[in-house]
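One letter stands for each residue in the lines below.
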Amino acid sequence: AWLAGGGIKGGTIYGETDEFGYKVVRDKVEIHDLHATMLHCLGMDHERVTYRFGGRDMRLTDVHGVVLKEILI
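Here is what the cut-offs are and how they apply
- Residues numbered from 1 in each chain as written.
- Predicted model: local features only at pLDDT ≥ 70, side-chain atom pairs only at ≥ 80, totals over all residues.
- Heavy atoms only, no water.
- Salt bridge = Lys/Arg side-chain N within 4 Å of Asp/Glu carboxyl O.
- Helix = DSSP H or I, 4+ residues; strand = E, 2+ residues; numbered from the N terminus.
- Contact = heavy atoms within 4.5 Å.
- pLDDT = per-residue confidence, 0-100.

## Some thoughts on the pattern of salt bridges
Turning to step 1, where the next piece is worked out: Under the counting rule described, the total for this entry stands at four salt bridges.
Turning to step 2, where the next piece is worked out: In this structure, K28 and E30 form a salt bridge, with 3.5 Å as the shortest nitrogen-oxygen distance.
Turning to step 3, where the next piece is worked out: Connected via shared salt-bridge partners are E16, R26 and D27.

Below, the structure written as structure tokens:
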């Protein structure tokens, strides 16, 4: 994924794959982490943003997701 602006450090590379781009070898980021970081950049707390679905409160990041402080200004 490519992120720009909104509090993201410019020129930052985070994570690394093998020479074929098939497997993660360093700093794996799950989609929940990416969503948590984007919500943080929008000024929202990903643990408090909920919506009602099927009679149950759900979160975009489910019970996972951490904000990637290393890529933020």
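## Regarding unusual backbone geometry
Turning to step 1, where the next piece is worked out: Of note in this structure, D27 is not a glycine but carries a positive phi near 55°.
Turning to step 2, where the next piece is worked out: With respect to the helices, strands and loops of the structure, D27 is situated in the loop between β2 (24–26) and α1 (31–41).
Turning to step 3, where the next piece is worked out: Located in the positive-phi region is D62, a residue other than glycine, with phi close to 55°.
Turning to step 4, where the next piece is worked out: Mapped onto the fold, D62 is located in the segment after β4 (56–59).

## A look at the environment of T17
Turning to step 1, where the next piece is worked out: Summarising the element assignment, T17 is placed in strand β1 (residues 16–17).
Turning to step 2, where the next piece is worked out: C-alpha separation for the pair T17 and D27, spaced ten residues apart in sequence, amounts to 9.2 Å.
Turning to step 3, where the next piece is worked out: Aside from chain neighbours lying at most four places away, what touches T17 is K23, V24 and V25.

## Description of the confidence of the model for the protein chain
Turning to step 1, where the next piece is worked out: Summarising the model, the protein chain shows a mean pLDDT of 89, and 100% of its residues fall at 70 or more.
Turning to step 2, where the next piece is worked out: The least confident element of the protein chain, judged by mean pLDDT, is β4 at 88; the most confident is β2 at 93.

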